Amino acid sequence: MTESAWTSWPSREALAREGISRPRRMLAWAVRILVLGFLLWGAYHATDVHGWILVAGGVGVLVAAVLAWGFFRTTFQHRLWPSLGIMLLLLGLAVGAQAVGFQEPALVLWCGCAVCALERLPMAVALPVASVALASYAAVNNDVWLTTAATTGGLALAGYVLRLDAEARGNAQRLLAQERVARAAEAESAALAERARIAREIHDVLAHSLSAQLVHLEAARLLIERGADRDQILERVVAARGMARDGLDETRQALSALRGDLTPLEDFLAQLVSTSAGAEVTVTGERRPLPAEASQAVRRVAQEALTNVRKHAPGAKVQVGLDFGEHQVALVVRDSGGSPGELAGAGAGYGLLGMRERAELLGGSLEAGPDEEGFVVMLRVPV
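Since the model is a prediction, treat every value here as computed from it, not as a measurement. (Residues numbered from 1 in each chain as written. Predicted model: local features only at pLDDT ≥ 70, side-chain atom pairs only at ≥ 80, totals over all residues. Heavy atoms only, no water.)

1. Points about the overall build of the chain
Move 1: Assigned secondary structure in the chain consists of 12 helices and five strands.
Move 2: When the 383 residues of the chain are sorted by exposure, 39% land in the buried category.
Move 3: Considering only contacts within the chain whose residues lie at least 6 apart along the sequence, 71% involve residues at least 24 apart.
Move 4: Total accessible area on the chain stands at roughly 21,500 Å², and carbon and sulfur atoms take up 62% of it. (Helix = DSSP H or I, 4+ residues; strand = E, 2+ residues; numbered from the N terminus. Buried < 20%, exposed > 50% of the residue type's maximum accessible area, 1.4 Å probe, protein only. Contact = heavy atoms within 4.5 Å. Areas by Shrake-Rupley, 256 points an atom, 1.4 Å probe, with all protein chains shown as cover.)

In structure tokens form, the structure reads like this:
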């Protein structure tokens, strides 16, 4: 053993009763009661003692029980000197019992002190204490030397085995406590991740819906300032009203997504492009259900890309392509380009930064920029 193993205490988990099965605890109590009964029997059936000495023997048994309880408490608290003092008192009590003729109780005390010292004290202290106790036992025991040697060796081995068993139980208790802490941290992390996902979904719905409404309301304001006719202004107001209605629909879809109840992605895209003139969608690859996070990423990016087309290239033709690959799903939104609308600066929206962050959270990527004709947004998400 290393130096620290000689001077270190058994862990408190090893010295505690946690992790001990009920049958084993009952067996331990049965052994203690049996030992106490043996001590009392030895005290009151000695042939060469009588009178007040018998009373003193009974008191000695009770004192030994109290001292043993104190020893268990101080060792659990890792208090060396009180534990060593109580052990010396027990050894002295055994010597006194032997002196007045209580040989059997004295032998039991010496054996118990040796085993308990090896089980509960630092080894640097336990070995000298156990040696003194076993030497006293061997000096007084009347058996043949071979039996005495076997008994002392067996007691020393029993004490060390009990120590190893307690340490193993203590390690198991520490591992169990660490596992519980890890599970609690994992549950807390999952709850925080779920809260972040809910917050992200709510943010996306509000950002897209309110941005689209702002586009039409800003257009209505500009038309009013320019003195446009009533029909043009009404058209923008009706469009804003439609966007508000669409926002409610998107909120319901977000709630369905949080519950894991989503409409097929290709149906969603088809419905989305149906509200935009000059837009069409194509789906390639083997169609299959996607994880909720990946599906929502595709939906949000498609919505934001189409909103940007309406703001920055009104009237442009839009091609929306969805490809189900073997290990990823890809979305491409490409417009034919056009003159920036008068509302190009209106509304903050979710933006390319938000779309890129959503993709990176899922281990994917998002590329956006001009191509030969117009603007293209390409999303790749692993599935």
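2. Some thoughts on the confidence of the model for the chain
Move 1: Overall, the predicted model of the chain reaches an average pLDDT of 80, with 83% of residues at or above 70.
Move 2: Of the regions scoring below 50 in pLDDT, residues 342-350 engages in 24 contacts with residues more than four places distant in sequence or in other chains. (pLDDT = per-residue confidence, 0-100.)

3. A look at helix α10 (residues 265-273)
Working note: α-helix, 3.6 residues per turn, so residues spaced by three or four point in the same direction.
Move 1: Within α10 the residues assigned to the buried category are Leu265, Glu266, Phe268, Leu269, Leu272 and Val273. Angularly, the buried residues of α10 cover 155 degrees about the axis, an arc narrow enough to put them on a single face. (Arc of directions from axis to C-beta.)

4. Re the packing of helix α5 (residues 80-99) against helix α6 (residues 103-120)
Between two packed helices, both the angle of their axes relative to each other and the distance between the axes serve to describe the pair.
Move 1: It is the contact of α5 with α6, at a shortest axis distance of 7 Å, that shows an interaxial angle of 160 degrees. For the element pair α5 / α6, the angle class is roughly antiparallel. As for the relative orientation of α5 and α6, their crossing is left-handed in sense. Residues Met87, Leu90, Leu91, Leu93, Ala94, Val95, Ala97 and Gln98 of α5 touch α6, and the partners they reach there are Gln103, Ala106, Leu109, Trp110, Cys113 and Ala117.
Move 2: By residue class, the composition of the contact of α5 with α6 is 12 nonpolar, two polar and no charged. (Axes fitted to C-alpha atoms, helices over the stretch in contact; angles between N-to-C directions. Parallel < 35°, antiparallel > 145°, perpendicular 65-115°, else oblique. Left-handed = near helix turned anticlockwise from the far one by under 90°. Nonpolar A, V, L, I, M, F, W, Y, C, P; charged D, E, K, R; others polar.)

5. Some points on the nonpolar core
Move 1: Counting 34 residues, the largest nonpolar core has Leu90, Trp110, Leu121 and Val129 as its most contacted members.
Move 2: If you list the elements that add at least two residues to this core, you get α4 (52-76), α5, α6 and α7 (123-140).
Move 3: Ranked by residue count, the leading element in this core is α6, at 11 residues.
Move 4: Look past the residues within four positions of leucine 90 in its chain and what remains in contact with it is Ala64, Leu67, Ala68, Leu109 and Cys113.
Move 5: Grouped together as the second largest cluster of nonpolar side chains are 29 residues, Ala279, Ala316, Leu322 and Val381 included. (Core = buried A, V, L, I, M, F, W, Y, C linked by side-chain atoms within 4.5 Å.)

6. What about the packing of aromatic side chains?
Move 1: Summed over all chains, the structure comprises one aromatic pair.
Move 2: The interplanar angle of 85 degrees and the centroid separation of 6.4 Å between the aromatic rings of phenylalanine 71 and phenylalanine 72 together place this pair among those described as edge-to-face.
Move 3: Phenylalanine 72 gets classed as partly exposed once you look at its relative accessible area, which sits at 29%.
Move 4: Over the ring of phenylalanine 76 we find arginine 12, and its NZ or CZ is 5.8 Å from the ring centre.
Move 5: One residue, arginine 299, lies across the ring of phenylalanine 268, its end atom 5.0 Å from the ring centre. (Phe/Tyr/Trp six-rings, centres within 6.5 Å; stacked < 30°, edge-to-face > 60°. Lys NZ or Arg CZ within 6 Å of the ring centre and 35° of its normal.)

7. Focus: the pairing of strand β3 (residues 328-335)
Move 1: Burial analysis of β3 places six of its eight residues in the buried class, which makes it a mostly covered element.
Move 2: Pairing geometry for strand β2 (residues 318-324) and β3, over seven bridges, is antiparallel. In the strand pairing of β3, valine 320 is matched with valine 333.
Move 3: Between β2 and the antiparallel strand that follows it, β3, lie three residues.
Move 4: Relative to strand β5 (residues 375-382), β3 runs antiparallel, the two sharing seven bridges. Looking at the pairing, arginine 334 lines up with valine 376 of β5. (Pairing = 2+ DSSP bridges.)

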